[in-house]
Amino acid sequence: MTALHSRAIGRDLLRRDGRLKVTGTAPYAYEGPLGKPAYCHLIQATIARGRVTGMDTTSAQAIDGVITVLTADNAERLASTEDNELAVLQSDEVAFRGQIIGAVIAETSEVARHAAGTVQVTYAQEPHDVELSVDRADLYKPYKINPAYPTDTADGDVAAAMASAPVTLENTYTTAMYHNNPMEPHTTTALWDGSLTMWDSTQGVHSARSVIARVFGFDHEQVRVVCPYVGGGFGSKGTPHAHVVVAVMAARATPGRAVKLALTRQQMFFLTGYRTPTIQKMQLAADRDGHLAAIALDVVEQTSRIKEFAEQTGMPTRSMYAAPNRRTTHRLAALDVPVPTWMRAPGECPGMFGPEVALDELAEQLGLDPIELRIRNEPSVDPDSGRPWSSRNLIACLREGAERFGWAERDPAPGVRRQGDWLVGTGVAASVYPTYRMAVSTATLRYERSRYVVEIGAADLGTGTWTTLPQIAADALGVDVDDVDARIGDTDYPIASVAGGSSGMSTWGSAIVEAARAFRDKFGTDPADGDEAEGSVSPPTGKYAMHAFGAQFVEARVHADTGEIRVPRLLGVFAAGRIINPRTARSQFIGGMTMGLSMALHEQSVLDPRFGHVVNHDFADYHISVCADVGDVQAHWIDEYDPHVNAMGSKGIGEIGIVGTAAAVVNAVHHATGVRVRDLPVTLDKVLAQLTPN
Ligand code: MOS
């Protein structure tokens, strides 16, 4: 691959969509440009398992402004019910609390919501089971883990290494259930007039189209999905959930009239996915110098009874460190719970919690600096695949982070530094995220009224796509970035992969570079109005193991009497290829780190086993870190250009910022107090229980 000359790439250009957003004029999915829409409000099951035996909609129907009430009795039959999550209103079965059992369509959202509350539902309730544990008899081995990795891996003999190594560690770590909470709730505006137009808040217009087309049996040409702006997604908008199907059903019940459906924040805690809780049994064996003889992670997690999602929690353990004996396993419990899904760095994020805390514990056992322990176990090739790294600069991240953070001043012993009533400590953890390039994406490049226009059905989740795609196109064409426009977020543009797996820039950018090259080959440097060329991404060669790496440093302060935890400093250094736009990149890294801090200290979805209900299903009770919770957050990166990953030399950056942060926080809390918390979130009660009174 020929490297691009970088003139626009690397500049910290302002977000092109910034003004529209801060002035409130960027149209989101709920703001589809439509005359007089109808509104849809969902009705949800109040039992966790059983059947709906009756729905009395008489009073709802009688309310002025109600157009119709959809239930399993009158909703249209879907062409495909293969995906049980999307087979909504197709039967009377209830598989989790909060499941959609009906919907009211009305003249206003207020009437729809009010009427939904008047529908009388009777159930035949069955006992439900929502409690995850390691000793369940029904744990099973999924066929594969997300998206298509082997469920278990084994090299050598971990048990033998554990029996013979001079230093071993075996601990269980747990991560909580967490819910994606993008600022913009999930919304869909749908219009049926013989064909379907959907303004849907989605991470991928083309993937949303293909799912909806399959479920309803439509041709792709019959469906247009539009989504120029997204107020965050973190994975929950990576694929349509059941409410999108209901929005389309509602539109088909009112032909020619658009229907708007917005989930409430509370509904999102049941209907748009979440991060599975995990139970991670971790084993490490090492010699006295800290060289690992064995590393093993056995994960237990949950999925829903109606649909399997097997998070790839063990993945980072497969590749992160060198050890001759290695094992990862995944076992699932299928429970009467909502369907789990992707949440920022699914797999890598929870999967770097247990291992990175375990390494900290091992370092302490060995009397070795935790950075040095990681350096001693740096693998020369990917231990899992045996392939060479396209680039791997973890050590550089650790060293530069240590320098910037002031790691050298750290006291080796935990629990010794005190400032007034506060115990002060520091911690470190590593980060990793695979560098994906999706197999399908095409871009069109056209010369239009003396400007270059790129069209691709890509998404901007708030991440910067509107701004960075023109940067890539400009360098690929050798023109000024101000002469390039991008058009994204519409299935009328060429097919683009979903904004997921931190793959967007790498995939769409590669297609754009190909389109630019084709354009120059065809038309030279003096094109005529209307000249147009197309380019597509090619799949990666598979010759290299490709990952971004990082190091996270945390300072924690723990109140000696109350156990209150404060984090005044977060510092991350990342090796993520060439950075396309430092402004939008920094915001991605810092956002990820903040979300990691939130995971460490605050977030936790509390599922009441008696009802199968997430009791803290709103922002009053589900705390997400706010500015007051975050002190100084810094994201830095090392100068990396990876020629093997794509023409830009860039890696994905959307997810790596959250990976490792929670472990670094736990490690810092331990260093401050001597208390080791192994289950997230680290709340003051867990620290206080072990804190020696002074
Ligand atoms: Mo991300 S969880 O791959 O949208």
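Overview of the structure. Residues take numbers from 1 onward in each chain, read along the sequence in its written order. Totals for whole chains, interfaces and linings use every residue, but because this is a predicted model, local features are given only for residues with pLDDT of at least 70 and side-chain atom pairs only at 80 or more, for both listing and counting. With hydrogens and water stripped out, all remaining heavy atoms of the structure feed into the side-chain values.

1. Digging into the pattern of salt bridges
Where charged atoms of side chains with opposite charge meet at close range, the side chains can pair.
Thinking step 1. Here, a salt bridge means any Lys or Arg side-chain nitrogen found within 4 Å of an Asp or Glu carboxyl oxygen. Throughout the structure, instances matching the rule amount to 42 salt bridges.
Thinking step 2. For Arg487, the salt bridge goes to Glu455, with nearest N and O atoms at 3.0 Å. Remark: Glu455 occurs in strand S19 (residues 451-455) and Arg487 occurs in strand S20 (residues 484-487); sequence separation between them is 32 residues.
Thinking step 3. Its relative accessible area of 10% is what places Glu455 among the buried residues.
Thinking step 4. Of the charged contacts in the structure, one is a salt bridge between Arg569 and Glu555, with a shortest N-O distance of 2.9 Å. Here Arg569, found in strand S23 (residues 565-575), pairs with Glu555, found in strand S22 (residues 547-559); they are 14 residues apart in sequence, far enough to count as distant.
Thinking step 5. Taking the relative accessible area as the measure of exposure, Arg569 reaches 25% and is therefore partly exposed. Where helices and strands are cited, they refer to DSSP runs of H or I of at least four residues and of E of at least two residues respectively, numbered from the N terminus. For each residue, the accessible area found with a 1.4 Å probe, counting protein chains only, is set against the maximum for its type, and the residue is called buried under 20%, exposed over 50%, and partly exposed in between.

2. Digging into the sheet that holds strand S21 (residues 532-536)
Thinking step 1. Between any two strands, at least two bridges found by DSSP are needed for them to pair. Taken in spatial order, the 4 strands make up an open sheet running S20-S19-S18-S21, and their pairing is mixed. Of all strands in the sheet, those bounded by a partner on one side alone are S20 and S21. Each adjacent strand pair in this sheet contributes to an overall mean axis angle of 20°, direction not counted.
Thinking step 2. Of the strand pairs in this sheet, strand S18 (residues 442-448) and S21 are connected by 5 bridges, and their pairing is antiparallel. The angle between two axes is taken between their N-to-C directions and runs from 0 to 180 degrees, where each axis is a line fitted to C-alpha atoms and a helix contributes only its stretch in contact.

3. Observations regarding unusual backbone geometry
Thinking step 1. Omega for the bond connecting Asn146 with Pro147 falls within 30 degrees of zero, at -10°, which places this linkage in the cis form.
Thinking step 2. The peptide bond linking Leu680 to Pro681 adopts the cis configuration, its omega dihedral lying at -5°.
Thinking step 3. With respect to the element layout, Pro681 can be found in the loop between helix H16 (661-673) and helix H17 (684-688).
Thinking step 4. The backbone phi angle of Phe234 is positive, close to 60°, even though this residue is not glycine.
Thinking step 5. Take Phe234: it is sitting in the loop between strand S11 (223-226) and helix H6 (242-253).

4. Concerning the packing of helix H10 (residues 353-366) against H16
Relative placement of two packed helices is described by the angle separating their axes and the distance separating the axes.
Thinking step 1. Where H10 meets H16, the closest approach of the two axes is 8 Å, and the angle between their N-to-C directions is 30°. Relative to H16, H10 is oriented roughly parallel. Considering the relative orientation of H10 and H16, their crossing is right-handed. For the pair formed by H10 and H16, the contact residues are Phe353, Glu356, Val357, Asp360 and Glu364 on the first element and Ala662, Ala663, Val666, Asn667 and His670 on the second. Geometric relationships in this document are graded by angle, where less than 35 degrees denotes roughly parallel, more than 145 denotes roughly antiparallel, 65 to 115 denotes roughly perpendicular, and other angles denote oblique. Crossing handedness is defined as follows: a turn of the near helix away from the far one that is anticlockwise and smaller than a right angle gives a left-handed crossing, while the clockwise case is right-handed. Should any heavy atoms of two residues lie within 4.5 Å, those residues are considered in contact.

5. A look at H6
Thinking step 1. Compared with the 16 Å implied by 1.5 Å per residue over 12 residues, the 17 Å span of H6 between its first and last C-alpha is a close match.
Thinking step 2. Within H6, 10 of the 12 residues are buried, which leaves the element mostly enclosed by the surrounding structure.
Thinking step 3. Here H6 has its buried residues at Ala242, His243, Val244, Val245, Val246, Ala247, Val248, Met249, Ala250 and Ala251. For a helix, the expected span equals 1.5 Å multiplied by the residue count minus one.

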